[in-house]
Amino acid sequence: MILNIPTRQPISWDGFSGVLVVALPGDTSFAVNHGIYLTDAESRVCNIIYKGSKEKISCAALPDGKVPLVSGPVFFSRTVAEKLLQTHVSSPLDGCTYLGMDSGAPPIEISLFLDILVCLCSDLTEQEFINGERTGCTSPSGPQGAVVRSGRAVLWRTLRGPSITMSYVQDGRYDYLTQSGREHVIRLTETGTQTMILSRIQDVKSVAEGSRVINSVLEGEVHVSTGAVVQHCHLQGPVQVHSGCLLSGLDLTSSSCIQRLPLSSDIIIQGHRVMLGELKLTVYTAFGAHDNLEAYTDDVNASFLNQKWSVFYSQTGIQPQYLWGPERTESCCLLDARLFPVFMPRSGPVGLEGVCWLLGGAGGLDSWREAWRLSLRDILVLTDQQTELRWREELFFSVGRRRAVDALQGHTDLSLLPFFRAAALAGQQEELLQVLDSVAAGSSGDLGVAARSLACIADVLGCLAGEGKGGLRSGPAANPSWAPAFKLLEDGNLPAGVQELANQRKHWLCRPDLLVRAARHYEGAGQILLRKAVMSAREFVFIGQGEMPPMGEWQEVECPARLDLSGGWSDTPPIAFEHGGLVINVAIKVDGKRPIGARVRRVPEPHLLLVSTSGEPACSISTETLCEDLTDLEDYCQPHAPGALLKAVCVCSELVCVSSPVSLKEQLLKHWGGGLEIHSWSSLPHGSGLGTSSILAGAALAAVYRCTGRSFDTISLIHDVLYLEQILTTGGGWQDQVGGLFGGVKLARSAAQLPLRVEVEELLTPDFLSALQQHLLLVYTGKTRLARNLLQDVVRSWYARLPSIVQNTEQLVTNAEECAEACREGSLVRLGECMNTYWQQKKLMAPGCEPAAVRSMMNALQPLSLGQSLAGAGGGGFLFLLTREPQQKEAVREILTNIQGIGFFSVHSVELDMDGISIIQKSSEHPEQQQTT
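Once a new chain begins, its residue numbering starts again from 1 and follows that chain's sequence as written. Predicted model: local features are reported for residues with pLDDT of at least 70 only, side-chain atom pairs are reported and counted for 80 or more only, and whole-chain, interface and lining totals are derived from all residues. Side-chain calculation: all heavy atoms of the structure are included, whereas hydrogens and water are not.

Taking an unreviewed UniProt entry as the reference, the protein is identified by name as L-fucose kinase belonging to Cyprinus carpio. UniProt positions are given in the numbering used here, feature names are shortened, and annotations may be inferred rather than shown by experiment. What the UniProt record of the protein gives under Function (unreviewed entry) is the line "Takes part in the salvage pathway for reutilization of fucose from the degradation of oligosaccharides." As its UniProt record puts it under Sequence similarities (unreviewed entry), the protein is described as follows: "Belongs to the GHMP kinase family."

What follows is the structure in structure tokens.
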């Protein structure tokens, strides 16, 4: 039997006593040939009915219309297990074990379910249990009746008392494999849907609904009809598998023969690996799906290839003595018929051609008679189980490697991680790694595929290290040994870079800690390719050239912060260009002020003076960096270096060229007539979740472009910031700069394609904007962002296509669409629901992003809020809420003041900013005079 049980199935072991059994749902028509549990209202088992009538079985029906099938798993409490163990030395039950039989006790068969478990069922009396006739058990009134009754009496005295509780897996599935080929086909296809389990199919459209393809490779035109099953096969088309057919164990060499076979419906063809002495052969058999292997030939229903024996004899000229020998009796069955050629005296092993003639293909009676033939019983006895399992295993891993290639090159959401784990456990990693190397190296035209391939190699290495071994996956990736490979990737030489990675990988496979470190470096290599893929966004940056303002004139830019109302994380590469992103966010002033800004002026001295200020005015921190040589700018790609963001602005805006042989001073004098002084500031705390760094980058870029006489539009700035964050190596998505550079509430989206392009649409009317800002409030939680690699963890989960992440990503986009509709309708209630849903989705995307103190705040504020969420990725920073009533700032402050243990917090008003990025011109003589445009 095959049990399909969801891993999330909850079973409570609190206070566990007695026995617990697991049941799976089944139909009444199926259950008549199996066992079912009959339970009371509290799921206690009253009786077990085996092969009962439909009337009896229907009494066990549950509210979902299904009956609980006896499915195998049984859990004994310690007390019951100890009692059961006592019985194996008690006469006559000692005859159930080899110890008793070796001591001379008569053998006795006892059923786990119909004797041991039935003994504990509440509906049975002692006499019913001891003397009852039960299908499948030795009869208490037969030749062994006295021994059976005595054994049952011992069970009753020893075990009776504890109860049996049933755990019903409502969404589980139970499949029982029988010797009936037809029933096997029907059971596999009864759901009426197309299923391709662990298979690689070149032309999926050729596989019809209601068919099954299991652990197989189908290449070319292999048409599988409704009701057909193909398992453990490697076939090359053109092949037609008709309805009701079952093909099993056929390798690639048999395809040419299959192509010539006049196959009809309801035919079963199987390949068997057998061992004849030291000779290993593949033997093929053919049957009809309606054949009964054990039916005697004189039975009116006996058949071969779905036709009566008399018809078969007439068509082929085969005589019964050819099949069963001259000493045959009238009681002969198909299972013993020597039908299948194995070896020819002059030409050696016989392949699939051996059964062609039986099916109406080429061949003749003489060659068939000349061959050494076996019956199915012979074949089953001679089956080389090791070779058979090896064939299936090799096919399984071959299928898996092909499916991995298809998933990567086809941009599908198939999760490859389970296969990677299986390959690692079976020692099949070398060929898998080579295949992934090949896909990565051959994807120069699609860096997204190459990056995902390298992430997959990292997952394989992580699987080889073992669960919980080797240290954390997130971490540094700058070991000098990997630098040559990284340099090749940075230079755009993808095939050589992938090969150098593989060369280095060989030295890191011997210990779990080295494997995990190698996995980190493969993720680092993937990040290089991901950055290059996202840099394609610069295709949509259009910068014009005009007249530079006077020397010394400040060009100042102010920007609002942003609140993400829904859809965040879907804007994060690679999700943004592999799935497609959709975000709804709003530009806001905090306490009436735009908190982010930059100003730039040209100065006569040929240097760059970079000044960054962060924090509230009363406790702000400023960092000043003077760059007088190109070497001072070389760490622009190291986010934690002093002035790194502004250095990246200088590089991204092409203010200077770091790789040029011309000195910094010469470049500045030639192009701009002198140096630049660049100031940036943010009055928001670090890790606020309000999009500060990306918006700050946009503000600084805008100020530099203005100062150097260049024109731009806001959509160009959006893509320019994407490019800047890639050269800065911080990564990140596009929603922050959309939120702070465009005013109002807007919908932004990117399609599932490269180059990465962002489109923006404004949503709200002025009336609703006014209502919205009266209901929005910010609470600074006093908690900084969690010190962990949230982005790295999310990207890893996405590359692995964990089903939960794929589903959550789809729901993020769906919720963002619903949020957009709420904004268009002007519905605060619906908007609040979308915000609440969004926060739950964020927590699924990045587990651990909700600190306990924040949860306490949100619980306390729930009665007066329509919706709540932490801004940004979560983990700390600002909590924003949409209140039920307007102007609730003091009410919020009062509630939070009365919460114990949350520490410092502050409540801030929100004003929707309709302008987005704003240019403020100041003269060098009178900086206090300003004009906003």
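Undergrad: How do you make sense of the nonpolar core when you look at a structure like this?
TA: One broad trend across soluble globular proteins is that nonpolar side chains are buried collectively. What is meant by a nonpolar core is a set of buried Ala, Val, Leu, Ile, Met, Phe, Trp, Tyr and Cys residues, joined one to another through side-chain atoms within 4.5 Å. Any residue under 20% of the maximum accessible area for its type is buried, any over 50% is exposed, and the rest in between are partly exposed; the area is computed with a 1.4 Å probe on protein chains only. Counting residues in hydrophobic clusters, the biggest one holds 146 residues, and the most contacted among them are Ile-584, Leu-608 and Val-745. Labels follow the DSSP assignment, with helices taken as runs of H or I lasting at least four residues and strands as runs of E lasting at least two, numbered in each case from the N terminus. A per-element tally of this core places helix 21 (residues 512-534) first, with twelve residues. The residues touching Ile-584, leaving out its near neighbours within four places in the chain, are Leu-563, Asp-564, Leu-565, Ser-566, Val-745, Lys-746, Leu-747, Leu-763, Ala-816, Cys-819, Ala-820 and Cys-823. Residues Ile-201, Ala-295, Leu-305 and Leu-374 belong to the second largest nonpolar core, which totals 58 residues. In what follows, residue pairs with any heavy atoms lying within 4.5 Å of each other are defined as contacts.

Undergrad: Is there a simple way to think about helix 26 (residues 714-727) in this case?
TA: Every α-helix winds through 3.6 residues per turn, so residues three or four apart in the chain are directed the same way. By this rule, a helix spans an expected 1.5 Å times one less than how many residues it contains. The first and last C-alpha atoms of helix 26 sit 20 Å apart over 14 residues, in line with the 20 Å expected at 1.5 Å per residue. In terms of burial, helix 26 is largely enclosed, as twelve of its 14 residues are buried. When helix 26 is considered as a whole, its buried residues turn out to be Ser-716, Leu-717, Ile-718, His-719, Asp-720, Val-721, Leu-722, Tyr-723, Leu-724, Glu-725, Gln-726 and Ile-727. Summarising the contacts, the buried residues of helix 26 are in contact with helix 21, helix 23 (644-652), helix 25 (692-707), helix 27 (735-741) and strand 34 (758-762). In the segment just after helix 26, Thr-729 is the residue with positive phi, at about 70°.

Undergrad: Explain the sheet that holds strand 11 (residues 217-219) here, please?
TA: Within a sheet, each strand pairs with its neighbour through backbone hydrogen bonds, oriented either parallel or antiparallel. Think of it this way: DSSP has to see at least two bridges between two strands before they count as a pair. The parallel open sheet is built from three strands, whose spatial order is 9-11-14. Each edge of the open sheet carries a strand with a single partner, namely strand 9 (200-201) and strand 14 (234-236). Bridge count for strand 9 against strand 11 is two bridges, and the pairing is parallel. Across the sheet, the residue bridging to Arg-200 is Val-217, located in strand 11.

Undergrad: Sorry, what's going on with the side chain of Asp-251 here?
TA: Within the element layout of this structure, Asp-251 appears in the loop between strand 16 (246-248) and helix 9 (255-260). In this structure Asp-251 is buried but unpaired, with Arg-273 as the nearest side chain of opposite charge at 4.3 Å. Whenever a nitrogen or oxygen atom comes within 3.5 Å of another N or O atom, the pair is scored as a polar contact, on the condition that within protein one atom can donate a hydrogen and the other can accept it, and that pairs from neighbouring residues in sequence are kept only if both atoms are in side chains. A polar contact of 2.6 Å, which involves the side chain of Asp-251, links it to the side chain of Thr-253. For Asp-251, the contacting residues outside a window of four places in its chain are His-234, Arg-273, Tyr-284 and Trp-391. Charged residues are defined narrowly, with Lys and Arg counted positive, Asp and Glu counted negative, and His plus the chain ends left uncounted. Counted as salt bridges are all cases of a side-chain nitrogen of Lys or Arg within 4 Å of a carboxyl oxygen of Asp or Glu.

Undergrad: Explanation requested: the sheet that holds strand 22 (residues 348-349) in the structure shown.
TA: Strands sit in the order 22-21-23 across an open sheet of three strands; the sheet is antiparallel. One side of each edge strand has no neighbouring strand; the edge strands of this open sheet are strand 22 and strand 23 (372-374).

Undergrad: Hey, could you run me through the pairing of strand 18 (residues 279-288) in this one?
TA: Put simply, side chains in a regular strand alternate between the two faces of the sheet. Within strand 18, seven of the ten residues are buried, which leaves it mostly tucked inside the rest of the structure. Direction of pairing for strand 17 (residues 267-276) relative to strand 18: antiparallel, over a ladder of ten bridges. Bridge pairing in strand 18 links His-272 to Val-283. As consecutive antiparallel partners, strand 17 and strand 18 are separated by two residues, and within that stretch Gly-277 has a phi angle of approximately 65°, a positive value.

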